[in-house]
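This is what each chain is made of:
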Amino acid sequence: MKYVSTRGGAPSLDFEDVLLAGLARDGGLYVPADWPVLGERQIRAMAGLSYQETAFRVMKPFIGHAVPDADLVRIISEAYAGFGHRAIAPLVQTGRNDWLLELFHGPTLAFKDVAMQVLARLFDHVLEKRGRQITVVGATSGDTGSAAIEAFRGRATSDIFILHPHNRTSEVQRRQMTTVLDANVHNIAVEGSFDDCQAIVKALFNDHAFRDQTALAGVNSINWGRVMAQVVYYFTAAVALGAPGRPVSFTVPTGNFGDIFAGYVAGRMGLPIGRLNIATNVNDILARTFETGRYQVDKVVPSWSPSMDIQISSNFERLLYDAYDRDGGAVQTMMAQQAQSGGFDIDPVRLETLKTTFGAIRVDEDETLATIRSTYAETGEIIDPHTAVGVAAASAARGDGVIPMVTLATAHPAKFPDAVERAIGVRPVLPPRLAGLFEKEERLTVLENDAAAVKAFIRERSRAVAA
Ligand SMILES: *Cc1c(COP(=O)(O)O)cnc(C)c1O
């Protein structure tokens, strides 16, 4: 499988190089040169398979010969061995034809585990083969950092450095990162905001000498390996609900557009998808884009669903590339306009075509809490605020109810106990396998808000520098 850049100005790469590259050299994102298609018979044959077996069949066409079959089977098996539910991503019925797809049974209780656990092992495989060592660096306001640390802990081929804003994450989120004591895990608490952390990470990647010396790698949501691993649960859910014999619709709490883009990929691969609803919180750039045809970056507003407090929805570029019939020049022009003036217009005809599949719904702060309350009252399920944004959007976009509607439940409620308690007066408890989190030893280093200090810290500890 060959991969091409959405901006048309970078060399095409194979799977291994795309995995390690992250961004393309022209600033674009890599996508497969062609969408692999699974026939109706192949999809039907997924009925009754385990999550892991389906994962192999869905990911294999994207990976090709880069990973031998036996290794891919082992990677998938190990990735999901630590999940707290045997189905990995179980469906829970909440209405006559309404479902929650629970994606929070991984080690850090948010959906990012589902892909990150696979990604870290794919990295390991490729790096071992090449005899290489990398330094993974990322900034986090919570979910991404803990999922990455859990996935990369103890790996021989990588050291991981995660920056978080000192004293500005929730205690659960901080402890999920800082109680991981493996020697290759380094938590840096920056005396500053999340934006400061992100600015430092950007500065590290822009310092090419440093980047080469430390063999820097990123694991943010634009990494193709993460999108690929997320396509799997659209297949397992839809097949369980009758696909390919009938279509299934999905509503997805959305920030960076990676998760919902995976649903679009499933559709391109032949899965019959009714509608894909983009659910946003008050940071509603995508809802505004679908309403007005203009993608215009605004200020980020803090909300009850912080993992969706994003204005630049990076993976949307991948959808635009297809919407413009894979014209990299057109995407390049729009992205240049965004860099210059914070926005661009989408051609009305292309937008209408997108609307035949996608809808976009904004859910405000009061509706988010009201939905946690009503879901609890009506079904007994306690949902987290991100999932609540999805459930509220799904009910607004419900239609006639003939096509099953699956809402992605992206975090465990105990990860966001304050919002849940505010809504229903009940403080959700951590699952037993996470009990003890508050007693464990923590390790972190506080550094000043300064890229040079962070660079020095990484240089001293990264095994890639010595190699
Ligand atoms: C990251 C995250 C999201 C948003 O996912 P994207 O792929 O960025 O759209 C939604 N909910 C939770 C809990 C998350 O951690």
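First, a word on scope: everything that follows refers to the structure included in this document. (Residues numbered from 1 in each chain as written. Predicted model: local features only at pLDDT ≥ 70, side-chain atom pairs only at ≥ 80, totals over all residues. Heavy atoms only, no water.)

1. Side note on the packing of aromatic side chains
The geometry of an aromatic ring pair is captured by the separation of the ring centres together with the interplanar angle, meaning the angle of the planes.
Step number 1: The full count for this structure, using the stated rule, is 20 aromatic pairs.
Step number 2: Ring geometry for Phe161 and Phe457: centres 6.2 Å apart, planes at 90 degrees, overall edge-to-face. Taken together, the residues span a long stretch of sequence, with Phe161 in strand E7 (residues 158-165) and Phe457 in helix H19 (residues 451-461) at a distance of 296 residues. One exposure class covers both Phe161 and Phe457, and it is buried. (Phe/Tyr/Trp six-rings, centres within 6.5 Å; stacked < 30°, edge-to-face > 60°. Helix = DSSP H or I, 4+ residues; strand = E, 2+ residues; numbered from the N terminus. Buried < 20%, exposed > 50% of the residue type's maximum accessible area, 1.4 Å probe, protein only.)

2. Here we look at the packing of helix H16 (residues 365-379) against helix H17 (residues 385-396)
Step number 1: Where H16 meets H17, the closest approach of the two axes is 8 Å, and the angle between their N-to-C directions is 85 degrees. If you check the angle between H16 and H17, you find them roughly perpendicular. Here H16 contributes Thr368, Thr371, Ile372 and Thr375 to the contact with H17, which in turn contributes Pro385, Ala388, Val389, Val391 and Ala392.
Step number 2: In terms of residue class, the contact of H16 with H17 is built from six nonpolar, three polar and no charged. (Axes fitted to C-alpha atoms, helices over the stretch in contact; angles between N-to-C directions. Parallel < 35°, antiparallel > 145°, perpendicular 65-115°, else oblique. Contact = heavy atoms within 4.5 Å. Nonpolar A, V, L, I, M, F, W, Y, C, P; charged D, E, K, R; others polar.)

3. Overview of the packing of H16 against helix H18 (residues 417-424)
Step number 1: Packing of H16 against H18 brings their axes to within 8 Å, and their N-to-C directions diverge by 65 degrees. When the axes of H16 and H18 are compared, the pair comes out roughly perpendicular. Between H16 and H18 lies a crossing of right-handed hand. Only Ala419, Arg422, Ala423 and Ile424 of H18 make contact with H16, whose side of the interface consists of Leu369, Ile372, Arg373 and Tyr376.
Step number 2: Residues of the contact of H16 with H18, tallied by class, amount to six nonpolar, no polar and two charged. (Left-handed = near helix turned anticlockwise from the far one by under 90°.)

4. Looking at the site of the ligand
Step number 1: In the neighbourhood of the ligand, 15 residues make up the surrounding shell, with Lys112, Asp143, Gly255, Asn256 and Thr410 lying closest.
Step number 2: One of the side-chain N or O atoms of Asp143 is found 2.7 Å from an oxygen atom in the ligand.
Step number 3: Notes on the ligand: free accessible area 390 Å², of which the protein chains cover 97%.
Step number 4: Taken together, the residues that form the shell around the ligand break down as five nonpolar, seven polar and three charged. (Near = heavy atom within 4 Å. Polar contact = N/O pair within 3.5 Å; in protein donor to acceptor, adjacent residues only side chain to side chain. Areas by Shrake-Rupley, 256 points an atom, 1.4 Å probe, with all protein chains shown as cover.)

5. A word on the sheet that holds strand E9 (residues 216-217)
Step number 1: Here five strands make up an open sheet; going across it, the order is E9-E6-E7-E8-E16 and the pairing parallel. Looking along the sheet, the strands with just one partner apiece sit at the ends: E9 and strand E16 (445-447).
Step number 2: Here strand E6 (residues 134-139) pairs with E9 via two bridges, running parallel. The residue bridging Val136 from the neighbouring strand is Ala217, located in E9.
Step number 3: On top of the sheet, helix H6 (residues 143-152) reaches E6, E7 and strand E8 (185-190); it is set at about 160 degrees to E7, its chief contact.
Step number 4: In the packing of helix H8 (residues 194-206) onto the sheet, contacts are made with E6, E7, E8 and E9, and the angle to E6 comes to roughly 150 degrees. (Pairing = 2+ DSSP bridges.)

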